[in-house]
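So you can see what is in the structure, the chains are spelled out below.
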Amino acid sequence: MRIPKHADDNLTAWWGAATDQKQKQRSDGGSGDSSSSDSEAGTKKLAKRGEELKDEMDSLIDEIDEALEENAEEFVKNYVQRGGE
Amino acid sequence: MQKRIYGVETEYGIIFTPDGRKTLPVEKAIRFLFEKLITTEHFLNVFLENGARFYQDTGCHPEYATPECASPRDLVIYDRAGERILEELQLYAEEKIREERVSGKLSIFKNNTDFVGNSYGCHENYLVDRDVDFYYLAEQLIPFLVTRQIFTGAGKVFQTQDGIHYCISQRAQHIYQKISGTTTNDRSIINTRDEPHADREKYRRLHVIVGDSNMSEYTNFVKIATCALVLQMIEDNFINRDFTLRHPVKAIKDISYDTTCKRKLRLENGREYSPLEIQREYCEMAKKYVEQAAVSDQLRQGLTEWDHILNCLEEDPDKLDRKIDWIIKRKLLEKYIAQRNLSWHDPRVFMIDLQYHDIRRDRGFFHLLERKGAVDRMFTDAEIEKAKTEPPQDTRARMRGDFIKLARQNNIQYDLDWSNIRLGNLLNVRVICNNPFETDTEKVTELVRTIQRTNLRRTSLSKLVIQS
């Protein structure tokens, strides 16, 4: 069974509410308030960040697909438990 | 009670999916799970070195009961240690299944429902003073327990006649009573089973069976800490508001369907409050309470988180997408659905809902998010690993855990329950410990020493009882 030893913190960038504040600043910066002094470098940086976020998300979704039960429909249908307690 | 004993029993869902014609009954899969736990106790019902109990419950579910814990923090750590113990046993069972030349997959889920309407539970136990009027306590606690799901629910995709719903709680739809004595039929919010596993004159057990099993450490911690805090307020007669609900059982289901958490409920006195408002009222009372009462640091921490959670739920529940199970899972589903362009009816949606709870860390989606750093943790892997074999040091579980280790090293026959240790070849020596706060392991060590000296295997001791 393969379990990576260390948590990969990258995902927080687009997922988490904990980083919510930072993320907001980032995305706000992207849409409206990039002032002229920020110029090209800033835009590039944001574009790069955007791509990174997209990659992280793609990688998560891919990992879900890898681990996801292949025959979801059958599995869910057959997942019948007896009542407990 | 300022010092309290806590315990949680978690029932797991289990299924074997054959990959071919040859299959394996789930009873057999469970036998394989237990096979690795070599013991002199009854098969399918054993105590572990960490003081916990592991057994097969009604309906063929593996069930893990934490050892007695003296704090919410320990309780969550020992509950998680149980997941890991079971995961190890699962890997062993999978090997045995392969040896049987059956091909397929064994899956174990820490959730509370299947898709056809069966439920299995997650039971919280709180030790309470015998002096407190139990029915008064239960009535006071019920409005809190009914509404707390807005931050303790594990989330569930439900298909009903009018379509697909994302519900807050797994368990809500399976509750039919306020208070009752049975757990399998007519499941209630609070169960009256009164097995304190302690001095009955002094204590009774509060058995809360309405909760969902939690994957998130944070959700689990807040669930236990807030409940303990409200309990302490009730015991101290601090609650001066009446939130008795007109239809508590209906309210539980209605709240579960309302992910805004803001729809109003009718109280017995005719007023209307949303679940969020009721929680807010309890939380504000608790803030006043801790100013003047002796309250443990952990319960205070629980209060801080509780306040934060309610603020987030008021503004935007998605702010809790790293902390609260039902919100974490919903976000995962939304992301997946958007990315793969699915409808909520897609079987993959139901599968993700289920697989969020898979205890195998290489398969479970909660574990995937945890690995990615997408959910908040409160404890370290080292703490959880330690709790797999080391009992809590500040409760009776310490004696039990240490005894099990000693007995195994010395090949001594034994049999246990929560407040008794029986040993000897005729199990004729008995140590009773009716005080769950007792931690003195010297007594147990001394007992084992005596036994080694007298060579128990040959001598039949007259009935020896050591009262503690």
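Residues numbered from 1 in each chain as written. Chains lettered and ligands numbered in written order. Predicted model: local features only at pLDDT ≥ 70, side-chain atom pairs only at ≥ 80, totals over all residues. Heavy atoms only, no water.

### Focus on the overall build of chain B
Along the backbone of chain B there are 14 helices and 18 strands. Its C-alpha atoms give chain B a radius of gyration of 23 Å, near enough to 23 Å, the size a compact globule of 468 residues would have. Principal-axis analysis of the C-alpha atoms gives chain B an extent of 70 × 60 × 40 Å. Taking all 468 residues of chain B together, the buried fraction comes to 62%. Of the roughly 17,800 Å² that chain B leaves accessible, carbon and sulfur atoms contribute 45%. Between the centroid of the 71 positive side chains of chain B and the centroid of its 72 negative side chains there is a distance of 3 Å. (Helix = DSSP H or I, 4+ residues; strand = E, 2+ residues; numbered from the N terminus. Rg over C-alpha atoms; globule rule 2.2 N^0.38 Å. Buried < 20%, exposed > 50% of the residue type's maximum accessible area, 1.4 Å probe, protein only. Areas by Shrake-Rupley, 256 points an atom, 1.4 Å probe, with all protein chains shown as cover. Lys, Arg positive; Asp, Glu negative; His and termini not counted. Charge placed at Lys NZ, Arg CZ, Asp CG, Glu CD.)

### Some words on the interface of chain A and chain B
Contacts between chain A and chain B engage 41 residues on the former and 62 residues on the latter. Both faces considered, chain A and chain B share a buried interface measuring about 4,300 Å² in area, 63% of it formed by carbon and sulfur atoms. The interface formed by chain A and chain B contains 5 salt bridges. In this structure, the connection of chain A to chain B is made through 15 residue pairs in polar contact (both at pLDDT 80 or more). Looking at the side of chain A that touches chain B, the elements that each hand over two or more residues are α1 (12-15), α3 (39-67) and α4 (72-78) of chain A. The greatest single-element share of the side of chain A that touches chain B, amounting to 10 residues, is contributed by α3 of chain A. Classifying every residue of the side of chain A that touches chain B by side-chain character gives 20 nonpolar, 9 polar and 12 charged. (Contact = heavy atoms within 4.5 Å. Buried area = accessible area lost by both parts, 1.4 Å probe. Salt bridge = Lys/Arg side-chain N within 4 Å of Asp/Glu carboxyl O. Polar contact = N/O pair within 3.5 Å; in protein donor to acceptor, adjacent residues only side chain to side chain. Nonpolar A, V, L, I, M, F, W, Y, C, P; charged D, E, K, R; others polar.)

### Here we look at the confidence of the model for chain A
Looking at chain A as a whole, the pLDDT averages 68, with 54% of positions reaching at least 70. Element-level pLDDT for chain A is lowest in helix α2 (residues 20-31) of chain A, with a mean of 41, against a maximum mean of 95 in α4 of chain A. (pLDDT = per-residue confidence, 0-100.)

### Here we look at the sheet that holds strand β12 (residues 203-208) of chain B
Pairing between the strands of a sheet is mediated by backbone hydrogen bonds and can be parallel or antiparallel. Residues and elements named next belong to chain B. Spatial ordering of the open sheet is given by β3-β4-β5-β1-β7-β12-β11-β10, a layout of 8 strands whose pairing is mixed. Lying at the two open borders of the sheet, with one neighbouring strand each, are β3 (45-47) and β10 (177-180). Along the sheet, successive strands turn relative to each other by an average axial angle of 20 degrees, direction set aside. Bridge analysis of strand β1 (residues 6-11) against strand β5 (residues 61-65) gives 3 bridges, and the strand direction is antiparallel. Residue pairing for β5: glutamate 11 is matched across the bridge by glutamate 63. Of the strands in this sheet, β3, β4 (53-57) and β5 are in contact with helix α1 (residues 26-35), which crosses β4 at around 165 degrees. (Pairing = 2+ DSSP bridges. Axes fitted to C-alpha atoms, helices over the stretch in contact; angles between N-to-C directions.)

### Section: the side chain of aspartate 79 of chain B
All names here are of chain B. As for its position among the elements, aspartate 79 is in helix α2 (residues 72-99). Among the polar contacts listed, one links the side chain of aspartate 79 to the side chain of lysine 110, at a separation of 2.8 Å. Residue contacts for aspartate 79: discarding those within four places in its chain leaves Val8, Thr10, Tyr12, Tyr64, Thr66, Lys110 and Asn220.

### Topic: the state of the cysteines
By definition, a disulfide links the sulfur atoms of two cysteines through a covalent bond. Residues and elements named next belong to chain B. According to the stated counting rule, one finds 0 disulfides over all chains in the structure shown. There is no disulfide at cysteine 69, and the cysteine sulfur nearest it, in cysteine 122, is 13 Å away. Cysteine 261 supplies the cysteine sulfur nearest to cysteine 312, a cysteine that is in no disulfide, at a spacing of 12 Å. The class of cysteine 312 is buried, set by a relative accessible area of 6%. (Disulfide = S-S within 2.5 Å.)

### Considering the packing of α1 of chain B against α2 of chain B
All names here are of chain B. Two numbers describe how α1 lies on α2: the axes approach to 8 Å, and their chain directions differ by 115 degrees. Relative to α2, the crossing made by α1 is right-handed. Facing α1, whose interface residues are Ala29, Phe32, Leu33 and Glu35, α2 presents Leu86, Leu89, Gln90, Tyr92, Ala93, Lys96 and Ile97. For the contact of α1 with α2, a count of residues per class yields 8 nonpolar, 1 polar and 2 charged. (Left-handed = near helix turned anticlockwise from the far one by under 90°.)

### Digging into the side chain of aspartate 325 of chain B
Residues and elements named next belong to chain B. Structurally, aspartate 325 is set in helix α9 (residues 325-340). Summary of buried charges: aspartate 325 has no salt-bridge partner, and the nearest side chain of opposite charge, lysine 110, is 7.4 Å away. Reaching out from aspartate 325, the side chain makes a polar contact with the side chain of tyrosine 356 at a distance of 2.6 Å. Sequence-distant contacts of aspartate 325, defined by excluding residues within four places in its chain, comprise Gly153, Ala154, Asn214, Met215, Ser216, Thr219, Tyr356 and Phe366.

### A closer look at the environment of aspartate 212 of chain B
Residue and element names in this part refer to chain B. Its location among the elements puts aspartate 212 in the loop between β12 and α5 (217-235). Aside from chain neighbours lying at most four places away, what touches aspartate 212 is Asn112, Cys122, Thr152, Gly153, Ala154, Gly155, Ile168, Ser169, Gln170, Arg171 and Lys223. For aspartate 212, the side chain forms a polar contact with the main-chain nitrogen of alanine 154, separated by 2.8 Å. Only 3.0 Å separates the side chain of aspartate 212 from the backbone nitrogen of arginine 171, close enough to count as a polar contact.

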